[in-house]
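These are the residues of each chain, in order.
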Amino acid sequence: MRVVVCEDDENLAELITTLLDGDGRFIVVGRAANGDDAVQLVGERQPDIVLMDLAMPARDGIEATRLIHASDAGQHVVIYTGSDEYGDVARAQDAGATGYLHKDALTSPELADALHVLHTNYRRGLPDPE
């Protein structure tokens, strides 16, 4: 599956890319360091999954997700954040995100499995298991 990683921390973006590329089920086709670049890159690369940080410079992940969905309502966006606030999940869903991960999951060896489950459920029309 083709993935665009939207993360402003270069070290974390590199770690995510390494974990996903090393899994065999995923290929990272682009990385964006801010919300504006994320919107543009997703439009150009047409990934299967957009892995979007909630807190992005320029345009945050919520607004970037909203713009991505205005352009392509079928785009699968998975939002992640370090926040445990339910309001963040609700805002992400309202913007069109159809998956939510805590930022701690990004450094886990299970990241690829979690994304695979989220994407499989998305394609089948099943709710996010969280």
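Attention here is on the structure that accompanies the text. (Residues numbered from 1 in each chain as written. Predicted model: local features only at pLDDT ≥ 70, side-chain atom pairs only at ≥ 80, totals over all residues. Heavy atoms only, no water.)

What about the overall build of the protein?
Then comes step 1: Of regular secondary structure, the protein possesses five helices and five strands.
Then comes step 2: Scanning the protein from its N terminus toward the C terminus, one meets helices and strands in the order β-α-β-α-β-α-β-α-β-α.
Then comes step 3: Here the protein has a C-alpha radius of gyration of 13 Å; the compact-globule value for 130 residues is 14 Å, and the two agree.
Then comes step 4: With respect to the principal axes defined by its C-alpha atoms, the protein has extents near 30 × 30 × 25 Å.
Then comes step 5: Within the span of the protein, comprising 130 residues, buried residues form 46% of the whole. (Helix = DSSP H or I, 4+ residues; strand = E, 2+ residues; numbered from the N terminus. Rg over C-alpha atoms; globule rule 2.2 N^0.38 Å. Buried < 20%, exposed > 50% of the residue type's maximum accessible area, 1.4 Å probe, protein only.)

Description of the packing of helix α2 (residues 35-45) against helix α3 (residues 61-71)
Then comes step 1: Two elements in contact, α2 and α3, have axes separated by 9 Å at closest approach and are oriented at 25°. Looking at the two axes, α2 sits roughly parallel to α3. In this structure, α2 meets α3 at a crossing whose hand is right-handed. Residues Gly 35, Ala 38, Val 39 and Val 42 of α2 touch α3, and the partners they reach there are Ala 64, Leu 67 and Ile 68.
Then comes step 2: A per-class count over the contact of α2 with α3 returns six nonpolar, one polar and no charged. (Axes fitted to C-alpha atoms, helices over the stretch in contact; angles between N-to-C directions. Parallel < 35°, antiparallel > 145°, perpendicular 65-115°, else oblique. Left-handed = near helix turned anticlockwise from the far one by under 90°. Contact = heavy atoms within 4.5 Å. Nonpolar A, V, L, I, M, F, W, Y, C, P; charged D, E, K, R; others polar.)

Some remarks on the nonpolar core
Then comes step 1: Counting residues in each nonpolar core, the largest one holds 21 residues, and the members touching the most others are Val 4, Cys 6, Val 50, Met 52, Val 77 and Ile 79.
Then comes step 2: Elements represented by at least two residues in this core include exactly β1 (2-6), β2 (27-32), α2, β3 (49-53), α3, β4 (76-81) and α4 (86-95).
Then comes step 3: Not counting chain neighbours up to four residues away, the residues in contact with Met 52 comprise Cys 6, Ala 38, Gly 61, Ala 64, Thr 65, Ile 68, Val 77, Val 78, Ile 79 and Tyr 80.
Then comes step 4: Ranked by size, the runner-up nonpolar core spans 17 residues in total, among them Phe 26, Leu 101, Leu 115 and Leu 118. (Core = buried A, V, L, I, M, F, W, Y, C linked by side-chain atoms within 4.5 Å.)

Focus: the sheet that holds β1
Then comes step 1: A sheet is described by the order of its strands in space; here five strands give the open sequence β2-β1-β3-β4-β5, paired in parallel fashion. What marks the edges here is a single partner per strand, and that holds for β2 and β5 (100-102). Going from strand to strand, the sheet's axes swing by 20° on average, the running direction of each strand aside.
Then comes step 2: In terms of strand pairing, β1 meets β2 through five bridges, oriented parallel. The partner of Val 3 across the bridge, within β2, is Val 28.
Then comes step 3: Strand contacts of helix α1 (residues 10-21): β1, β2, β3 and β4, with the helix running at about 165° to β2, the strand carrying the most contacts. (Pairing = 2+ DSSP bridges.)

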